[in-house]
Amino acid sequence: MGGHTYRDVTELLRSAAKDLQLGELVHSPGLTLMDAMCAIHIGDTRMDSYLPNVPRPADLPPFSTNAPLLPHEITYILDVTTQLELLFHDGAHLTQSLYTSLYLHRLQSISLENLKLAALSLSSAETEGAEGYAWEWVGLVLRAGLMGCLVCVGAAWAEMAKGTVYDAEDFHSDKSGLALGEQYSLPDVLALLSSAIDWLSSLPPSPTTSALLARLRLRSYLIHLLHPPLPSLPSAAAALDLLPSLGPAPAPTPRARAAFDPYVAGKLPNNAPLPPVEVDIEGKEVWMGWRGFLEGVEKLREVGTVEDPSEWLNWLSYRSIVTPSNPPPPAIIRNLTMSLLLSEDNLLLHKHPQQWLVDSVVHSMTGIPRGTLTLAIEADAAEPQGEVTLARAVDVWCQRFTGFYVNLLSVYCHNRPRQKRNLGKAIRQWEDLIEEAADLVVPLDDLFTSQLRVPLPSLALLPSVPRLLALGLYLEILLSGLELDLYDPAEEWLAIYWHAARVARVWGTALVAQRDALHALGVRDEGVGKYLEERIAWVRVVEVMADATLRALILHPPSPVPHTVARSLAQARASFERRFKWAIRGLPHGELEPRWDAFQADVSRLRESTMLDETAPLLYNSARTELERLLEVPLRDGKMELAGSDRVKTLAAFKNTCLNNMHTLRREVASQGKWTARWHPWFPAWVVEEDARE
């Protein structure tokens, strides 16, 4: 009476589903996206795959802040929490990483005073093993280590939140409404660490005590390094020396494992449910994960002593190249880089006005004396104010130049994929400055020749500064896509290397013209000449290697990706134009516009050649010779002192590729092989079967 009769339709639905194709859906009329979304209850363990209803392991005791932990258990907890901290630096959410360390949520409960008071009221079950226990192990040692970790994460979060690195790409800023140590004063935390170190030092020496002492000392160093009094940076040398003494993480006990809850995200407010992160550190040297940060700090200390924006740009460009042996620096280091180079009040290195940057960069490429543009602004400032005076035009150009250059430095601190996208936008900015500088040359020459009676013929080279910068960026955009595996080897590599060789040729021609113009104009600045010579040699290497790779790829085409559908000529052309859409409008006069008909003509001509197995090795040999000359250029002459080690690694990788391909591309050797990025992603190596098995 008034009841319902239900019938099981499970088999009927399964039978009907067999006739559905992928992407089809049977639904009632009027079903909306909102209806479908409301059918899934976020946070329900029955439907949310990231919140499984996982039973607590039977061997884990309940988590208790009153547990009398043994020294090796404290070591394990500190090591796991440090590993979770490093995961946050690598891009994990706080709810996946640091917040899963339960003691961090109860730091007040494990103060030494609270622990001693709680011990007086514990039940007999809770006091088991606590008779005569020294609560300093938890209340001093563990609490100091964890509190130090929390303020380090807070400092890293605050630095990365400044905006050089990107939220949701390089790190995740969502705190889930929790504090990251802001409630603790830095002096108090350092004092607690000092007290814990003093207490441990008073104990009889043992391996475990020594390991804990090393961990707390390193944590103290990290706090200072993450709170730098910019523009100075504390030395990381002592911390680097300490790393090897920390040793591996101990094996966990059930009580130590109970201090972590990988599913804590289900209990905290967050933007999206997140999968737990597996952490297995037993026997691993967790703290060695700080090496990249510490080495980065030491490098930044060196950067802070170099007052040359051209050096900065060269270093950042080399640092940004991503290879298996050269991973990108941590996000915190990339953000600290810009915090060091530019203060919040827009001072370069926290002391130089922005005009200093323009003077330095322009002088390094043209020999125009430093202060020339400032003099032009001041000398013309007394002229009657019209709509646009020379002083105003030069001032605006200098401001735009500085803004674009600082933006370029910032772009080089982004992750590599974002760098590639933003470098293309930077080219357009520099192109605008070329035309603006050309309009300034004649008025500036008149000002210095007729009014100031100080002829400066090198002013004619002013437009070359943004042009040379734009050409360098253009080439880097092309080659960085190879690092990121953005190009299909079988379908796109030919076009990339064809165009890279053209860009390098144009850039090299412009550099040679700049060098010759300096001589013709009587500019006798030895530093400028040496810098241009290094750039000419570098571009020559890239041009010859791109030409050699183009011929080698025609000789041995890369294997197509499985299931690739053969493309028509029209489809290939459309793909070519899509790949180069950012460059179709090129630099002025279309000198670098990638044209499909020119590409097709060049490739067809090369395919008809019967000498590729000879010309390709010869070109690699020529590149090797150029590399050897380049390696002989003193770092100071090429403004490469900061980039020293990265530059040497890059050039050595290029040389190894040349030596390999000179041998393996010979007709009698190259019958069986494959293309690999064995030494460097910019230029592949043809590896024959015998070498591939090594």
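Residues numbered from 1 in each chain as written. Predicted model: local features only at pLDDT ≥ 70, side-chain atom pairs only at ≥ 80, totals over all residues. Heavy atoms only, no water.

## Some details on the overall build of the protein chain
- Each helix and strand in the protein chain was counted, giving 24 helices and 2 strands.
- Burial status across the protein chain gives 51% buried among its 694 residues.
- In the protein chain, of all internal contacts separated by at least 6 residues, the share reaching a separation of at least 24 is 79%. (Helix = DSSP H or I, 4+ residues; strand = E, 2+ residues; numbered from the N terminus. Buried < 20%, exposed > 50% of the residue type's maximum accessible area, 1.4 Å probe, protein only. Contact = heavy atoms within 4.5 Å.)

## Some thoughts on the state of the cysteines
- On inspection of all chains with the given rule, the structure shows 0 disulfides.
- Among the cysteines around Cys152, which has no disulfide bond, Cys149 carries the closest sulfur, lying 6.8 Å off.
- Looking at Cys152, the relative accessible area reads 0%, which means it is buried. (Disulfide = S-S within 2.5 Å.)

## Here we look at unusual backbone geometry
- Look at the link from Leu230 to Pro231: it is a cis peptide, with omega at 15 degrees.
- Structurally, Pro231 can be placed in the loop between helix H7 (207-226) and helix H8 (237-242).
- One non-glycine residue with positive phi stands out, namely Leu349, at about 55 degrees.
- Relative to the elements of secondary structure, Leu349 occurs in the loop between helix H12 (331-341) and helix H13 (354-366).

## Considerations on the packing of aromatic side chains
- Summed over the entire model, instances satisfying the criterion amount to 24 aromatic pairs.
- With a centroid separation of 6.1 Å and an interplanar angle of 15 degrees, the aromatic rings of Phe401 and Tyr405 are classed as stacked. Within this pair, Phe401 and its partner Tyr405 are both found in helix H15 (residues 390-411), separated by 4 residues, close to a single helical turn.
- Between Phe654 and Trp682, the aromatic rings sit 6.2 Å apart at their centres with planes inclined by 40 degrees, giving tilted as the arrangement. One end of the pair, Phe654, is in helix H23 (residues 644-664); the other, Trp682, is in the loop between strand S1 (673-676) and strand S2 (685-688), and 28 residues separate them in sequence. For the residue pair Phe654 and Trp682, the accessibility class agrees, reading buried in each case.
- Through successive ring pairs, a cluster of aromatic residues spans Tyr318, Trp493, Tyr497, Trp538, Phe654, Trp682 and Phe683.
- One Lys or Arg, Arg418, reaches over the ring of Tyr166 and ends 3.6 Å from the middle of that ring.
- The ring of Tyr531 has Lys639 sitting right over it, with the charged end atom 5.9 Å from the ring centre. (Phe/Tyr/Trp six-rings, centres within 6.5 Å; stacked < 30°, edge-to-face > 60°. Lys NZ or Arg CZ within 6 Å of the ring centre and 35° of its normal.)

## What to know about the nonpolar core
- Counting 207 residues, the largest nonpolar core has Phe293, Phe401 and Trp430 as its most contacted members.
- In this view, Trp430 contacts Phe401, Phe404, Tyr405, Leu408, Pro466, Leu469, Ala470 and Leu473; residues no more than four positions away in its chain are not counted. (Core = buried A, V, L, I, M, F, W, Y, C linked by side-chain atoms within 4.5 Å.)

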